[in-house]
Amino acid sequence: MADTTTIIGSNPAAEAASRRRTFAIISHPDAGKTTLTEQLLLMGGAIHLAGEVKARGERRRARSDWMKIEQQRGISVTSAVMTFEYRGITFNLLDTPGHEDFSEDTYRTLTAADSAIMVIDAAKGIEAQTLKLFEVCRLRDIPIITFVNKVDREGIDPFELLEEIASQLALDTVPMSWPIGMGGNLKGIYDRKAATLTSWEKGTDAASEKLDGRDGRFGGYLSEAEAAGFEDDMEMIEAVFPEFDIKSYQEGHMSPVFFGSALRSVGITDIIDAVADYAPSPGPQTTANGKIGPADPGVSGFIFKVQANMDPNHRDRIAFMRICSGRFTRGMKLKQASGGKAIGIHAPILFFAQDREIVEEAWPGDIIGIPNHGVLRVGDSLSENGDLKFTGIPNFAPEILQRVRIGDPMKSKHMRRALESLAEEGVTQVFKPSLGANWIVGVVGALQLDVLKTRVDTEYGLEINFEPAPYASARWVRTEDTAELKRFEAANRSAMSEDRDGQLVFLAKSDWEIDYVAEKFPTLTFAKTCERL
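Rules used throughout
Residues numbered from 1 in each chain as written. Predicted model: local features only at pLDDT ≥ 70, side-chain atom pairs only at ≥ 80, totals over all residues. Heavy atoms only, no water. Pairing = 2+ DSSP bridges. Helix = DSSP H or I, 4+ residues; strand = E, 2+ residues; numbered from the N terminus. Axes fitted to C-alpha atoms, helices over the stretch in contact; angles between N-to-C directions. pLDDT = per-residue confidence, 0-100. Contact = heavy atoms within 4.5 Å. 1 Å grid on protein atoms, 1.4 Å probe; cavity = no way out; pocket = protein on both sides within 12 Å on 5 of 7 lines; lining within 4 Å. Points joined across faces, edges and corners; volume = space filled by probe spheres on them. Nonpolar A, V, L, I, M, F, W, Y, C, P; charged D, E, K, R; others polar. Buried < 20%, exposed > 50% of the residue type's maximum accessible area, 1.4 Å probe, protein only. Parallel < 35°, antiparallel > 145°, perpendicular 65-115°, else oblique. Left-handed = near helix turned anticlockwise from the far one by under 90°. Phe/Tyr/Trp six-rings, centres within 6.5 Å; stacked < 30°, edge-to-face > 60°.

**Quick word on the sheet that holds strand β10 (residues 210-212)**
And then number 1: Read from one edge to the other, the open sheet built from four strands follows the order β7-β8-β9-β10, with strand pairing classed as antiparallel. This sheet does not close on itself; its edge strands, each paired only once, are β7 (177-180) and β10. Going from strand to strand, the sheet's axes swing by 30° on average, the running direction of each strand aside.

Rendered as structure tokens:
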């Protein structure tokens, strides 16, 4: 963390925040997100050996993928937080889930991020999950730096890729670097701003020297044909693409585009430098009573993730808190917005996957882990006076609803506690029907059910199974018309339930049924999202 002796000025928290970059990495599975994460950590000194993702067997996993199911399937399904330093700046990297079934967890992670890197496979372009995650970013106006990965393999023409990004994502694109050649003909990555070429030879694992491009052939490194093609590309770029505008980027309208290969360590420096130079430092966050910025008095923050059993030997429970204002110090007490309970934070943690260390202080933009025993939940707000409630961390209507069956009925209460605990983490949503004893779980994607079943088995020793529920979706019911609400409940008793917070939920058999009841009961609102209490 930053040395407090170096923090000067009238507001230390604002000064410290200006030297923070809290960002996430998003991509379609297999685009190279995990490899890029590893390379950034290597550059920041957080790890000292690259290659875990290229290894075989047990070693073929990234340091941030710690859950058993992730190791078995080679994907990321939880969000890890990793802190490192580079160029005197503290980077807080949020590694989002790499599977489309976990978009809800990705959204919650992005509430704690100030910017994002979007990784695109040069051979595949914009893929389904890339588009879905981008839309999540757009909901929050997250500025995006684009990294076109795997240019050491044959891929789509760079101009076509840029056109695809611009048209499908409605973003202005600006190529900040440019590949000379691609696949077997890749000669290196040209930095437009510095007018230098980072050369690369096939068969090597890393880029080599930087070559001055002012003579057009980089000191004879390019052949005449390659130099001519390069000059044509530069003329086309100058004619077609706008100049980079940092304000437009930070507002979410423009994306600077970089090319490279995470696996071969080509173009990685460009990416981390871009985050340092262009990505916004921590800014104001929205609360129920207005904006709270880093310079505002008092420590405040919100819980965007809870993870249990990161260390199975200790059955721990860690709440991830994004600090929004003030100087946090170890041992201080913060109050929950709901209920005003004071919580002493005596062992705040900084993370690198399973590795962790106690931190003495933290500043706006930092992510700390707070060990607790179920006191803190996703969406909780913490502050010194307890009167701040951060907004924008909702539950989303599930797309799959299933009844839960337990092998041993005598353990039903134990199962309920397990489901409620995992619901607090955001692994699933749970609903208790007004009629019937079977709990119903709701998820966005089928893989979440696999994770839920695996975790209930390994962490709680319970064998559960799922069976289809006769519902297609869920909607939170809102109204100020008490009489109409009672009439609606009476008419739809078998479809009524409560979520984990006791809020009324209508379980619908189809979208048509939702439209039908909305028309029949016009004073009621059937919401797709619900702000976490």
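Structure shown, so let's carry the discussion forward.
**Some thoughts on the confidence of the model for the chain**
And then number 1: Per-residue confidence for the chain gives a mean pLDDT of 84, with 86% of residues at or over 70.
And then number 2: Counting contacts from residues 51-63, a segment whose pLDDT is below 50, to residues more than four positions away or on other chains yields 23 contacts.

**Quick notes on empty space enclosed by the protein**
And then number 1: The tally for this structure, following the rule as stated, stands at three cavities of 30 Å³ or more.
And then number 2: If you go around the second largest cavity, you meet 10 residues; those closest to its centre are N395, Q429, V430, D499 and R500.
And then number 3: At three residues, the largest contribution of residues to the lining of the second largest cavity is made by strand β26 (residues 429-433).
And then number 4: The class makeup of the residues in the lining of the second largest cavity is four nonpolar, three polar and three charged.

**Structural notes on the side chain of S115**
And then number 1: Residue placement: S115 occurs in strand β4 (residues 115-121).
And then number 2: Beyond its immediate sequence surroundings of up to four residues, S115 is in contact with T22, F23, A24, I142, P143, Y249, A279 and P280.

**Some thoughts on unusual backbone geometry**
And then number 1: Of note in the backbone geometry, D141 takes a positive phi value of approximately 55° without being a glycine.
And then number 2: Mapped onto the elements, D141 comes out in the loop between α5 (128-139) and β5 (144-149).
And then number 3: Judged by relative accessible area, which is 53%, D141 ranks as exposed.
And then number 4: Even without a glycine there, the phi angle at S265 is positive, about 60°.
And then number 5: Within the fold, S265 resides in the loop between β11 (254-259) and α9 (268-278).
And then number 6: S265 gets classed as partly exposed once you look at its relative accessible area, which sits at 28%.

**A closer look at the packing of helix α10 (residues 412-425) against helix α11 (residues 446-460)**
And then number 1: Relative to each other, α10 and α11 sit at 120°, their axes nearing to 11 Å. Viewed along their axes, α10 and α11 adopt a mutual orientation that is oblique. Taken as a pair, α10 and α11 cross one another with a handedness that is right-handed. Where α10 abuts α11, its residues H414, A418, L419, S421, L422 and E425 lie against L452, R455, V456 and Y460.

**So, the packing of aromatic side chains**
And then number 1: Tallied over the entire structure, the rule returns 18 aromatic pairs.
And then number 2: Where F159 meets W178, the ring centres are 4.7 Å apart and the plane angle is 50°; that geometry is what we call tilted. Here the residue F159 occupies a position in helix α6 (residues 158-169), and W178 occupies one in strand β7, the gap between them amounting to 19 residues.
And then number 3: Their ring planes at 70° and their centres at 5.4 Å tell us that W178 and F259 sit as a pair that is edge-to-face.

**Overview of the environment of I180**
And then number 1: Of note, I180 is situated in strand β7.
And then number 2: Sequence separation between I180 and A227 is 47 residues, and the spatial gap between their C-alpha atoms is 9.1 Å.
And then number 3: Apart from residues no more than four positions distant in its own chain, I180 is found in contact with N185, L186, K187, G188, Y190, L197, F218, L222 and F230.

**Some thoughts on the layout of surface pockets**
And then number 1: A volume near 430 Å³ is recorded for the second largest pocket.
And then number 2: Surrounding the second largest pocket, 20 residues form its lining, A113, D114, R140, P284 and Q285 being those nearest its centre.
And then number 3: In terms of residue class, the lining of the second largest pocket is made up of eight nonpolar, eight polar and four charged.

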